Amino acid sequence: MRNAFAAEVTEIANANENVVLLSGDIGNKLFDRYKEVAPDRFFNCGIAEANMIGTAAGMAMCGLKPIVYTIVPFITTRCLEQIKIDLCYHNAPVVVVGVGGGLSYAGLGATHHSFEDIAILRVLPRMKVVCPGDPVEVRLAVRAALESDTPVYIRLGKKGEKPVHQETPDFEIGKCITVREGHEVCILSTGNLLSLAMACSDALELQSIGSQVVSFHTVKPLDESALDEFFSRFRLVVTLEEHSLIGGFGSAVSDWKNRCGGAAELITFGLSDKFLCEGGNQAYAREQFGLTIERIVPSILTALKRVVI
């Protein structure tokens, strides 16, 4: 995902001289091509993320199109006050890009895990929260975010995520994308679990269960018209996210269901309310939280039996 982001922002900056990239002491080699294209529009702000947000806010209010980029916990929790006041209060259209969402940096420990970023940013007025599902959506999300007149947070994975979309889909912030059609279960995925959602769908197909897979790349604003359709048409709706179940995507869908009365049963998969204290790669970390085909599919099958009865 980060390579797709770097390539796209370089292409955009080459065509738009108002685009400025600010980095929090990360991605220097990643942006070598960008610096060739726009050497005077790249700023390494160092390990001073709060200052970086304030600088970007000033740039935005002067008519520039700033993008700020670093690892998720350092661009969100570390400078939440600046995002709240400098960006959201002033409605400064800055694109905040966090790399390494969820468990992407699992091996570096709790300082680099991001379980809470969606929760804290989606409560801020005027902030849009976008979690692309694959590298194709990353490119589209960057372009859409730069057209927004409000702050936008884009949550990336890290590297190695394979494209799920075989063709370029229509992309609009606030409008989900159906990746696969189905008629029994509806799987709503946000962020870098889209490939896992597809794998779970494949496993369900072996059980003769057709599942619809939807990329809910925007957590705020939610595509409420799509939710209304899904909760009316399916008996069971499933959410997948690499984020805490408290305050994340599944929580947002549950809030909508409680408010609007969706008929389908909802089950959510995400990170439980605990720190991961062991070391290991992302696959190992996902196992500790049950974000695997082996844990998700049996739970879906059990829920299906319950709703059929």
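Here, the structure is the one placed above.
Predicted model, so just to flag it, every value in this text is computed and none were measured.

Student: I'd like a description of the sheet that holds strand β7 (residues 177–180), backed by residues and values.
Tutor: The sheet built from five strands is open, its strands ordered β7-β9-β8-β11-β12 with mixed pairing. At either margin of the open sheet sits one strand with a lone partner, and together these are β7 and β12 (265–271). Pairwise comparison of adjacent strand axes, ignoring direction, gives a mean angle of 25 degrees for this sheet. Pairing of strand β8 (residues 185–189) with strand β11 (residues 236–244), which is carried by five bridges, proceeds in the parallel orientation. Across the sheet, residue L188 finds its bridge partner in β11, namely T239.

Student: Residues and numbers for the packing of aromatic side chains, please.
Tutor: Scanning the model with the defined rule gives nine aromatic pairs in all. Counting every residue linked through ring pairs, the aromatic cluster contains F5, F31, Y34, F42 and Y69. Above the plane of the ring of F289 lies K274, whose end atom (NZ or CZ) is 5.4 Å from the centre.

Student: Please provide a residue-by-residue account of the side chain of S104, values included.
Tutor: Within the secondary structure, S104 is located in the loop between β4 (95–99) and α6 (117–122). A polar side-chain atom of S104 sits 2.8 Å from the main-chain carbonyl oxygen of G101. Ignoring sequence-local partners within four residues, the contact set of S104 consists of G157, K158, N192, E242 and Q282.

Student: Give a description of the environment of V219 that names residues and reports values.
Tutor: One can find V219 in strand β10 (residues 218–220). Overall, the relative accessible area of 3% leaves V219 in the buried class. V219 sits 106 residues away from H113 along the chain, and the two C-alpha atoms are 19 Å apart. Setting aside its immediate chain neighbours within four residues, V219 contacts I118, R122, V129, C131, T190 and F249.

Student: Hey, could you go over the nonpolar core for me, with residue numbers and the actual values?
Tutor: In this structure, V68, I83, L188, F216 and F230 are the most contacted members of the largest nonpolar core, which totals 44 residues. Mapped by element, the contributors of at least two residues to this core are β1 (19–23), α3 (49–61), α4 (72–75), α5 (80–89), α6, β8, α9 (224–233) and α10 (249–260). In terms of residues, this core owes the most to one element, α3, which gives six residues. Setting aside anything within four residues of it in sequence, one finds I83 in contact with I53, I75, T76, C88, L121, L124 and M127. Counting 35 residues, the second largest nonpolar core, distinct from the first, contains F5, L21, Y105 and V130.

Conventions we followed
- Residues numbered from 1 in each chain as written.
- Predicted model: local features only at pLDDT ≥ 70, side-chain atom pairs only at ≥ 80, totals over all residues.
- Heavy atoms only, no water.
- Pairing = 2+ DSSP bridges.
- Helix = DSSP H or I, 4+ residues; strand = E, 2+ residues; numbered from the N terminus.
- Axes fitted to C-alpha atoms, helices over the stretch in contact; angles between N-to-C directions.
- Phe/Tyr/Trp six-rings, centres within 6.5 Å; stacked < 30°, edge-to-face > 60°.
- Lys NZ or Arg CZ within 6 Å of the ring centre and 35° of its normal.
- Polar contact = N/O pair within 3.5 Å; in protein donor to acceptor, adjacent residues only side chain to side chain.
- Contact = heavy atoms within 4.5 Å.
- Buried < 20%, exposed > 50% of the residue type's maximum accessible area, 1.4 Å probe, protein only.
- Core = buried A, V, L, I, M, F, W, Y, C linked by side-chain atoms within 4.5 Å.

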